[in-house]
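# Fold and geometry: a report
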Amino acid sequence: MTSALQIRPALPADWPAIWPILHTTFASGDSYPFAPDSSEADIRHAWLTVPAATFVACDETGNVVGTYYIKPNQTGLGSHVCNCGYVVAPEAAGRGIATALCGHSQQTAVAMGFRAMQFNLVVSTNTRAVRLWQHLGFSVVGTLPGAFRHARLGYVDALVMFKTLTA
Ligand SMILES: CC(C)(COP(=O)(O)OP(=O)(O)OC[C@H]1O[C@@H](n2cnc3c(N)ncnc32)[C@H](O)[C@@H]1OP(=O)(O)O)[C@@H](O)C(=O)NCCC(=O)NCCS
């Protein structure tokens, strides 16, 4: 999959393909803090408008199979650290797409002048994501007790993860 994967900037015309992936993921209430019943308009704003840039991963047939955004994690004196969010279509999981997206995002971050990347709310029970980010060089720098209200498990810990991108 990854050899045929194309990662490119998201276009407005990609939204009808991006939305079902995000909707399915956020409706589960187990990985992102977006309310599971968030409206399409609110999620479109959060994913396409607010970030500095948004990308999609397309498979060999051109279908969108994943997406990520990148934005400054803070304003002003904290704006050299970026924040990203990644979602892969459930049916395309386990093929290295998130690995490719995260690698692409780190290159994008450096090109945009960011010096580090921070994930603010990695759900501790999302062990697949935690392990993947650690594998890609991110460290758990903090645990936020009960900071995520998991749709099935209730209050669970969230992790702050960080990776320095430039020496
Ligand atoms: C978590 C998530 C981003 C992972 O995406 P993914 O594309 O399945 O991730 P990858 O395939 O790159 O890596 C996952 C695993 O597959 C393995 N893998 C990578 N390339 C592979 C390949 N070609 N074939 C088989 N497995 C592969 C990776 O080593 C990794 O294994 P590990 O879990 O033992 O470390 C995805 O499941 C998702 O979108 N979940 C919902 C949203 C979410 O949780 N986002 C992250 C919030 S912090």
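It should be noted that the structure appears before, not after, this text.
Summary of the structure given here.

Parameters and conventions
- Residues numbered from 1 in each chain as written.
- Predicted model: local features only at pLDDT ≥ 70, side-chain atom pairs only at ≥ 80, totals over all residues.
- Heavy atoms only, no water.
- Helix = DSSP H or I, 4+ residues; strand = E, 2+ residues; numbered from the N terminus.
- Rg over C-alpha atoms; globule rule 2.2 N^0.38 Å.
- Buried < 20%, exposed > 50% of the residue type's maximum accessible area, 1.4 Å probe, protein only.
- Contact = heavy atoms within 4.5 Å.
- Areas by Shrake-Rupley, 256 points an atom, 1.4 Å probe, with all protein chains shown as cover.
- Lys, Arg positive; Asp, Glu negative; His and termini not counted.
- Charge placed at Lys NZ, Arg CZ, Asp CG, Glu CD.
- Arc of directions from axis to C-beta.
- Phe/Tyr/Trp six-rings, centres within 6.5 Å; stacked < 30°, edge-to-face > 60°.
- 1 Å grid on protein atoms, 1.4 Å probe; cavity = no way out; pocket = protein on both sides within 12 Å on 5 of 7 lines; lining within 4 Å.
- Points joined across faces, edges and corners; volume = space filled by probe spheres on them.
- Nonpolar A, V, L, I, M, F, W, Y, C, P; charged D, E, K, R; others polar.
- Expected span 1.5 Å × (residues − 1).

### Focus: the overall build of the protein chain
Regarding its fold elements, the protein chain presents 4 helices and 7 strands. Start at the N end of the protein chain and walk to the C end: the helices and strands fall as β-α-α-β-β-β-α-β-α-β-β. For 167 residues, the compact-globule formula gives about 15 Å, and the C-alpha radius of gyration of the protein chain, at 15 Å, lands near that figure. Reported as C-alpha extents along the three principal axes, the dimensions of the protein chain are approximately 40 × 40 × 30 Å. Looking at the protein chain as a whole, 46% of its 167 residues qualify as buried. In the protein chain, of all internal contacts separated by at least 6 residues, the share reaching a separation of at least 24 is 60%. For the protein chain, the exposed area adds up to about 8400 Å²; of that, 54% sits on carbon and sulfur atoms. Side chains of the protein chain give 10 positive and 9 negative charges; the mean places of these two sets differ by 9 Å.

### Here we look at helix H4 (residues 127-135)
Within the sequence span of H4, burial applies to Ala 129, Val 130 and Trp 133. Down the axis of H4, the buried set is contained in an arc of 100 degrees. They therefore lie on one face. The exposed residues of H4 that point more than 90 degrees off its buried face are Thr 127, Arg 131 and His 135. Where H4 terminates, the next one or two residues include Gly 137, which has phi positive at roughly 100 degrees.

### Remarks on the packing of aromatic side chains
By the definition in use, this model includes 13 aromatic pairs. Both rings, one in Tyr 86 and one in Phe 119, keep their centres 5.8 Å apart while their planes meet at 85 degrees; by these two values the pair is edge-to-face. Within this pair, whereas Tyr 86 is found in strand S4 (residues 81-88), its partner Phe 119 is found in strand S5 (residues 116-123), the two being separated by 33 residues in sequence. With relative accessibility at 4%, the residue Phe 119 sits in the buried group.

### Re the layout of surface pockets
Looking at the largest pocket, its volume works out to about 1100 Å³. Lining the largest pocket are 46 residues; nearest its centre among them are Ser 31, Tyr 32, Tyr 86, Asn 126 and Ala 129. Mapped onto the lining of the largest pocket, the elements with two or more residues apiece are helix H1 (15-28), helix H2 (40-49), strand S3 (64-72), S4, helix H3 (97-111), S5 and H4. By residue number, the principal contributor to the lining of the largest pocket is S4, which donates 6 residues. Counted by class, the lining of the largest pocket contains 26 nonpolar, 14 polar and 6 charged residues. Empty space within the second largest pocket amounts to approximately 180 Å³. Surrounding the second largest pocket, Gly 29, Tyr 32, Pro 33, Phe 34, Pro 36, Leu 121, Ala 147, Phe 148, Arg 149, His 150 and Ala 151 form its lining. Looking at the lining of the second largest pocket element by element, the count peaks at 4 residues for strand S6 (residues 139-150). Looking at side-chain class alone, the lining of the second largest pocket contains 8 nonpolar, 2 polar and 1 charged residues.

### Concerning H3
Helix length check: H3, at 15 residues, gives a terminal C-alpha distance of 21 Å against a target of 21 Å (1.5 Å per residue), a fit within 8%. Among all positions in H3, only Ile 97, Ala 98, Leu 101, Cys 102, His 104, Ser 105, Gln 106, Thr 108 and Ala 109 are buried. Trailing H3 by a residue or two, Gly 113 shows a phi angle of about 95 degrees, which is positive.

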